[in-house]
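Coordinates in review
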Amino acid sequence: MAKLTFDATPAQFETSLERCAAIFIDMQRDFLEPGGFGESLGNDVSRLRGAIEPCKRLLTGLRRAGAFVIHTREGHRPDLSDAPPAKVHRGAGPKIGDVGPMGRILVRGEPGHDLIEELHPIAGEPVIDKPGKGAFYATELEPMLRNRNIEALLVCGVTTEVCVHTTVREANDRGFRCAVVSDCCASYFPEFHEVALRMVCAQGGIFGWVTQSSQVLDALARAAQ
Ligand code: TIU
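The text that follows walks through the structure, step by step, so that each part is easy to find. Think of each chain on its own: its residues are numbered from 1, step by step along the sequence as written. Side-chain atom pairs in this predicted model are given and counted only at pLDDT of 80 or more, local residue features only at pLDDT of at least 70, and totals for whole chains, interfaces and linings cover all residues. No hydrogens and no water enter the side-chain calculation; it runs on all heavy atoms of the structure.

**A word on the pairing of strand S4 (residues 68-74)**
Selection rule: Exposure is judged per residue with a 1.4 Å probe applied to protein chains only, and the accessible area is read against the type maximum: over 50% gives exposed, under 20% gives buried, and values in between give partly exposed. Per the convention used, a helix needs a DSSP run of H or I reaching at least four residues, while a strand needs a run of E reaching at least two, with both numbered from the N terminus. Strand pairing is defined by DSSP finding a minimum of two bridges between the two strands.
In terms of burial, S4 is a largely internal element, 6 of the 7 residues being buried. The pairing of S4 with strand S7 (residues 127-130) spans 4 bridges and is parallel. Counted as the bridge partner of Arg73 is Asp129 from S7.

This is the structure in structure tokens:
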């Protein structure tokens, strides 16, 4: 096993290249570009774009090291049969399923639902389509991780306090150890980003660990030697 060890809060994170997976959560046009779901909820989508470059750099290092990379997308079937009415009818602006500049909002197969071009998956990187905020709810993520004997997750994506946090909580309760990569996550609310990260690693790491992409990149380079 190739050891993967890096500094994190509240303590050093130790796993192996073989037993960890990196998960990029919802880096979709619907959240990062104007005219999608994020904006329909009243958000300034430009706030998320700072995470793109760190994610790109980390993805390059992960691929070079041969790490297992998974992407997720939040979205619904075109008939919205998997979209709870309580979710569809929330908010004051356009709704899930309405037509916007990037096609129907948060609907699978529409341009806005796609991952941003900078972070498109390559062959061998599964894409999980999820109807909820957490990546485990109503998806095949858990068996996919168990089948590969994965025990640790490197978590990146948007938004920190919504889909990243929900996924980390779901993962933690299932026995996976999560290291959230702070500069590879972003929120429409900078203060929520900061507090969400603090919540993950408070109380001795109640939900997991928090680190930076530079730490993970150094560790990947060491592990791949
Ligand atoms: N609204 C918001 O901050 N996030 C979401 O609705 N989904 C994700 O975080 N992916």
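**A few points about helix H3 (residues 52-65)**
Threshold: Take the residue count of a helix, subtract one, and multiply by 1.5 Å to get its expected span. Any two residues having at least one pair of non-hydrogen atoms within 4.5 Å are treated as being in contact.
Its 14 residues give H3 an end-to-end C-alpha distance of 20 Å, which sits within 8% of 20 Å, the value for a rise of 1.5 Å per residue. Listed in full, the buried residues belonging to H3 are Ile52, Pro54, Cys55, Leu58, Leu59, Gly61, Leu62 and Ala65. In this structure, the buried residues of H3 make contact with strand S3 (20-25), helix H1 (29-32), S4, strand S8 (152-158), strand S9 (177-186) and helix H8 (213-223). Phi turns positive one or two residues past the end of H3, at Gly66, with a value near 80°.

**Considering the packing of H3 against H8**
To keep things clear, this is the line we draw: Between the N-to-C directions of two axes lies an angle of 0 to 180 degrees, each axis being a line fitted to C-alpha atoms and, for a helix, fitted only over the stretch in contact. Note on terminology: angles under 35 degrees are roughly parallel, angles over 145 are roughly antiparallel, angles of 65 to 115 are roughly perpendicular, and the others are oblique. Helix crossings fall into two classes, left-handed where the near helix is turned counterclockwise from the far one by less than a right angle and right-handed where it is turned clockwise. Residues were grouped as follows: Ala, Val, Leu, Ile, Met, Phe, Trp, Tyr, Cys and Pro as nonpolar; Asp, Glu, Lys and Arg as charged; and all remaining residues, including Gly, as polar.
At a minimum axis distance of 9 Å, the contact between H3 and H8 shows a crossing angle of 15°. Taken together, the axis directions place H3 and H8 in an arrangement best described as roughly parallel. Our pair here, H3 against H8, has a crossing hand that is left-handed. Touching Pro54, Arg57, Leu58, Gly61, Leu62 and Ala65 of H3 are Ser213, Val216, Leu217 and Leu220, all from H8. A class-by-class count of the residues in the contact of H3 with H8 yields 7 nonpolar, 2 polar and 1 charged.

**Here's the deal with the site of the ligand**
For clarity, the threshold we go by: In this text, near means that some heavy atom of the residue lies within 4 Å of the molecule or strand in question. Polar contacts, as used here, are pairs of N or O atoms within 3.5 Å; protein pairs need one atom able to donate a hydrogen and one able to accept it. Residues neighboring in sequence count only if both atoms are side-chain atoms. Each accessible area is a Shrake-Rupley result for a 1.4 Å probe, and residues are judged covered by the shown protein chains and nothing else.
Every residue near the ligand is listed here: Asp26, Phe31, Phe37, Leu41, Glu74, Lys133, Val158, Thr159, Val162, Cys163 and Tyr188. For the ligand, an oxygen atom lies 2.9 Å from a polar atom in the side chain of Thr159. Surface burial for the ligand is 93%, taken as the share of its 280 Å² of free accessible area covered by protein chains. Taken together, the residues of the shell around the ligand sort by class into 7 nonpolar, 1 polar and 3 charged.

**Overview of the pattern of salt bridges**
If the charged atoms of two oppositely charged side chains come close together, the side chains can form a pair. What counts is decided by this rule: Salt bridge, as used here: a side-chain nitrogen of Lys or Arg that lies within 4 Å of a carboxyl oxygen of Asp or Glu.
All chains considered together, the criterion is met by 12 salt bridges. Across the pair Arg49 and Glu118 runs a salt bridge whose closest N-O atoms are separated by 3.7 Å. Of the two residues, Arg49 sits in the loop between helix H2 (37-40) and H3 while Glu118 sits in the loop between strand S6 (103-104) and S7, which places them 69 residues apart along the sequence. One salt bridge in this structure joins Glu142 and Arg174, with 2.9 Å as the shortest N-O distance. With Glu142 in helix H5 (residues 141-147) and Arg174 in the loop between helix H6 (160-173) and S9, the pair connects residues that are 32 residues apart, well separated along the chain. Among the ionic contacts, a cluster of salt bridges with common partners joins Glu74, Lys87 and Lys133.

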